[in-house]
Amino acid sequence: MAENTNSDKIRVKLVGSPISTNRRVRATVKGLGLGKVGSVRELKRSAAVEGMVKRLKHLVVELKD
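Let me sum up the structure you'll find in this document. (Residues numbered from 1 in each chain as written. Predicted model: local features only at pLDDT ≥ 70, side-chain atom pairs only at ≥ 80, totals over all residues. Heavy atoms only, no water.)

This paragraph deals with the overall build of the protein chain. Across its full length, the protein chain carries 2 helices and 3 strands. Traced from its N-terminal end to its C-terminal end, the protein chain shows the element sequence β-α-β-α-β. Dimensions of the protein chain along its principal axes, counting C-alpha atoms only, are 45 × 20 × 15 Å. Evaluated residue by residue, the protein chain yields a buried proportion of 26% over its 65 residues. Here the analysis covers contacts within the protein chain between residues at least 6 apart in sequence; of these, 71% occur between residues at least 24 apart. Element-wise, carbon and sulfur atoms account for 52% of the exposed surface of the protein chain, whose accessible area totals about 4900 Å². Side-chain charges in the protein chain split into 15 positive and 6 negative, and the spacing between the mean points of these groups amounts to 15 Å. (Helix = DSSP H or I, 4+ residues; strand = E, 2+ residues; numbered from the N terminus. Buried < 20%, exposed > 50% of the residue type's maximum accessible area, 1.4 Å probe, protein only. Contact = heavy atoms within 4.5 Å. Areas by Shrake-Rupley, 256 points an atom, 1.4 Å probe, with all protein chains shown as cover. Lys, Arg positive; Asp, Glu negative; His and termini not counted. Charge placed at Lys NZ, Arg CZ, Asp CG, Glu CD.)

Now the structure itself:
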């Protein structure tokens, strides 16, 4: 059985408030599954997820283990 590596996962944390942003940015935050400031999600790494994180670079940080 293959060992699960963290390279196929990405952990993101919402560090900024999306309140004063436009509807599209807020929808992207919700699409990542982030709610309140400080919430953390571990997601499967894909081009779509990395694009969302890039779009929200002013609101989220990628957590390294």
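With that settled, the discussion passes to the environment of R11. Mapped onto the fold, R11 is located in strand β1 (residues 9–14). Overall, R11 belongs to the partly exposed group, its relative accessible area being 27%. Between the C-alpha atoms of R11 and R41, which are 30 residues apart in sequence, the distance is 5.6 Å. Once residues within four sequence positions are removed from consideration, R11 is found in contact with V40, R41, E42, V61, E62, L63 and D65.

Turning our eyes to something else, we now look at the sheet that holds strand β3 (residues 60–63). Here we have 3 strands laid out as an open sheet, ordered β2-β1-β3, and antiparallel in their pairing. The sheet is open, and its two edges are formed by β2 (40–44) and β3, each paired on a single side. Taken pair by pair, the neighbouring strands of this sheet meet at an average axis angle of 35°, ignoring direction. As paired strands, β1 and β3 are joined by 4 bridges and run antiparallel to one another. Residue pairing for β3: K13 is matched across the bridge by V61. Here helix α2 (residues 47–55) sits on the sheet in contact with β1, β2 and β3, set at roughly 25° to β1. (Pairing = 2+ DSSP bridges. Axes fitted to C-alpha atoms, helices over the stretch in contact; angles between N-to-C directions.)

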